[in-house]
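# Close look at the chain arrangement
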Amino acid sequence: MRILPLCLALLAFPAPAEIYSHVDEQGNRVFTDQPQGDAPAIRLSPTNSMSAPTPAQPTRENPAPRTKKPGYRWLRIVDPEPDATLRDASVLTVTAASEPALHPGHRYRLRLDGTPAGPGGPEPVFSLDNVERGTHLLVVEILDAEGRPLESSPEQAVHVKRPSLIQKRLARPCQFADYGVRPECPLKDKPAQKRDIPYVPFL
């Protein structure tokens with residue numbers, strides 16, 4: 001029979017359509033979209049309609065990305081070189097570098113043997129006076145506006161070698177005017193100045 005396939009086809013129409021029904025010469029009920037004489041029209045509603053999907057609402061599982069705080073790719077000491085030996089240096093100068101450069105509000109600070117050598121500042125250059133003889137460990141760090149460490153350079157050793165006062169005195173003997181001026185020529189070691197005794201002839 002042609003009725004069932006035609007009904008299935010009609011149900012698949014996406015929009016309302018005019019359907020006509022009549023009985024043919026063999027007594028079969030026929031459905032068609034073409035009017036046949038005075039056959040009445042049958043209106044069918046669409047069967048394949050569906051509502052649009054509702055957009056997904058944001059959930060706590062996917063929070064908004066947080067703003068990343070400014071950071072540094074690297075920080076290191078460029079002078080002196082690792083394991084450098086400094087001989088008779090009255091001033092130890094330490095220079096560091098970072099990538100990127102210092103962010104606003106941050107500062108560099110030097111640590112000598114684990115102890116901060118001052119509050120630090122915006123320049124990565126530090127000068128230390130009268131550093132004792134021996135091996136010292138240097139670290140440069142970057143602090144934020146609250147003084148919290150953000151980045152630290154690798155720990156670096158430096159060796160300070162100075163001749164002793166006795167060695168300096170042997171290499172350069174003290175002159176009378178050097179006492180109280182040169183550290184190796186203290187005033188307590190200053191010899192008494194010889195006075196010229198006038199010659200008095202015996203009568």
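Structure's up top.
The rules behind each value
- Residues numbered from 1 in each chain as written.
- Predicted model: local features only at pLDDT ≥ 70, side-chain atom pairs only at ≥ 80, totals over all residues.
- Heavy atoms only, no water.
- Core = buried A, V, L, I, M, F, W, Y, C linked by side-chain atoms within 4.5 Å.
- Buried < 20%, exposed > 50% of the residue type's maximum accessible area, 1.4 Å probe, protein only.
- Helix = DSSP H or I, 4+ residues; strand = E, 2+ residues; numbered from the N terminus.
- Contact = heavy atoms within 4.5 Å.
- Phe/Tyr/Trp six-rings, centres within 6.5 Å; stacked < 30°, edge-to-face > 60°.
- Lys NZ or Arg CZ within 6 Å of the ring centre and 35° of its normal.
- Disulfide = S-S within 2.5 Å.
- Salt bridge = Lys/Arg side-chain N within 4 Å of Asp/Glu carboxyl O.

## Let's talk about the nonpolar core
- Counting residues in each nonpolar core, the largest one holds 17 residues, and the members touching the most others are Val 94, Leu 110, Leu 138 and Val 140.
- Only β4 (74-79), β6 (91-99), β7 (107-112), β9 (125-129), β10 (134-143) and β12 (156-161) provide two or more residues apiece to this core.
- In contact with Leu 110, not counting residues within four places along its chain, are Val 94, Thr 115, Pro 116, Ala 117, Phe 126, Leu 128, Leu 138, Val 139 and Val 140.

## Some points on the packing of aromatic side chains
- Taken as a whole and judged by the stated rule, the model has zero aromatic pairs.
- The ring of Trp 74 is capped by Arg 76, whose NZ or CZ atom sits 3.9 Å from the centre of that ring.

## Comments concerning unusual backbone geometry
- Asp 79 connects to Pro 80 through a cis peptide bond whose omega is 0°.
- In this fold, Pro 80 is placed in the loop between β4 and β5 (84-87).
- Geometrically, the link from Glu 99 to Pro 100 is a cis peptide bond, its omega value of 0° lying close to zero.
- Positive phi values are uncommon outside glycine, yet Asp 83 reaches one of about 60°.

## With respect to the state of the cysteines
- Under the counting rule described, the total for this entry stands at one disulfide.
- Between the sulfur atoms of Cys 174 and its disulfide mate Cys 185 the distance is 1.8 Å. Disulfide Cys 174-Cys 185: torsion about the S-S bond near -85°, hence left-handed. In this pair, Cys 174 is assigned in the segment after α2 (165-171) and Cys 185 in the segment after α2, connecting sequence segments eleven residues apart.
- Looking at Cys 174, the relative accessible area reads 15%, which means it is buried.
- The buried category is assigned to Cys 185, whose relative accessible area is 0%.

## Thoughts on the pattern of salt bridges
- Counted under the stated rule, the structure contains seven salt bridges.
- In this structure, the salt-bridge partner of Arg 111 is Glu 141, at a minimum N-O distance of 3.4 Å. Remark: Glu 141 occurs in strand β10 and Arg 111 occurs in strand β7; sequence separation between them is 30 residues.
- Note on Glu 141: relative accessible area 4%, which makes it buried.
- Residues Arg 148 and Glu 146 are paired through a salt bridge, measuring 3.2 Å at the closest nitrogen-oxygen approach.
- According to the relative accessible area criterion, Arg 148 is partly exposed, its value standing at 46%.
- What emerges from the salt-bridge pattern is a single network uniting Arg 109, Arg 111 and Glu 141.

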